[in-house]
Amino acid sequence: KIVVFRIHFSSDMRIFAAFRNPKLIEKLTDKEKDVLDVCSQWISENIRKDMPNFLKIKKVHDGVVENTTYTKPYHYTPELILEGKGVCSAYTTACQLLLHMLKIDCRYAHGEVSTTNTETHAWNMVDVNGEWYHMDSTWDDPSNNLCYTYFLINDEEMDIDHDWPLKGSCDIYPKTPEINKLKFHTR
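Summarised in this report is the structure supplied together with it. Every value quoted in this text rests on a predicted model; they were computed, and no experiment measured them. (Residues numbered from 1 in each chain as written. Predicted model: local features only at pLDDT ≥ 70, side-chain atom pairs only at ≥ 80, totals over all residues. Heavy atoms only, no water.)

**What to know about the overall build of the protein**
- Within the protein, the regular secondary structure consists of six helices and seven strands.
- Ordered by position from N to C terminus, the α and β elements of the protein give α-α-α-β-α-β-α-β-β-β-β-α-β.
- Residues classed as buried in the protein amount to 46% of the 187 residues present.
- Within the protein, contacts between residues separated by at least 24 positions form 52% of all contacts whose residues are at least 6 apart in sequence.
- On the protein, roughly 10,500 Å² of surface is accessible, and the fraction owed to carbon and sulfur atoms is 53%. (Helix = DSSP H or I, 4+ residues; strand = E, 2+ residues; numbered from the N terminus. Buried < 20%, exposed > 50% of the residue type's maximum accessible area, 1.4 Å probe, protein only. Contact = heavy atoms within 4.5 Å. Areas by Shrake-Rupley, 256 points an atom, 1.4 Å probe, with all protein chains shown as cover.)

This is how it looks when you write it as structure tokens:
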């Protein structure tokens, strides 16, 4: 008996794959190609090559927060980049795509809101000059007021209201510095 598996790749996965391998761009839908075009255009208008990575990360954070509205049920990058609507997974993948386009390592973190232990949530972990920090652009977007409560904070600060599996114990979720050396925002 032969078992055939059919793997479906989400729009986000196809966009990330095409960004990394331009030969795959021809396989994208027009909407997915538009996402890469809009991201490239935004980068060319907002990011200078000589900017330090910290400032590039801040620009991406601010750009996503200022140009989007938390809106259910939009879960994917195209909805957030092209329509300005999305939930935490869309915020997270949009930041990750933009940061990867800037050659800044960024990971998708997934866990729960620790105050409820039932609500799942997603945010980023970002490499800032060799040290990892959490960045939750969704929670920094409360009702059109840009804030930095969850911008480049360490595990201790994030652990106040976020819970994630294997924290600091594997390469997926690297341990952050015990002391937040950036001190951009301390909770």
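**Brief notes about the pairing of strand S5 (residues 131-135)**
- Extensive coverage of S5 is indicated by the burial of four of its five residues.
- Relative to S5, strand S4 (residues 120-128) runs antiparallel, the two being bridged by five bridges. Looking across to S5, one finds that Met125 is bridged to His134.
- Connecting S4 to the antiparallel partner S5 that follows it, the hairpin turn spans two residues, and Asn129 within it adopts a positive phi of roughly 50 degrees.
- As paired strands, S5 and strand S6 (residues 151-153) are joined by two bridges and run antiparallel to one another. From the neighbouring strand, Met135 faces S6, where its bridge partner is Phe151. (Pairing = 2+ DSSP bridges.)

**Observations regarding the environment of Val64**
- Here Val64 lies in helix H3 (residues 53-66).
- Along the primary structure Val64 and Tyr91 are separated by 27 residues, whereas in three dimensions their C-alpha atoms are 7.0 Å apart.
- Setting aside anything within four residues of it in sequence, one finds Val64 in contact with Leu80, Tyr91, Cys95, Leu98 and Ser137.

**Regarding helix H5 (residues 88-101)**
- Taking 1.5 Å of rise per residue, 14 residues should cover 20 Å, and H5 covers 20 Å from first to last C-alpha, within 8% of that figure.
- The element H5 is largely enclosed, with a buried count of 14 among its 14 residues.
- Of the residues one or two after H5, Lys103 is the one with positive phi, at around 65 degrees. (Expected span 1.5 Å × (residues − 1).)

Interpretation note: all reported values are geometric properties and have no functional meaning in isolation.
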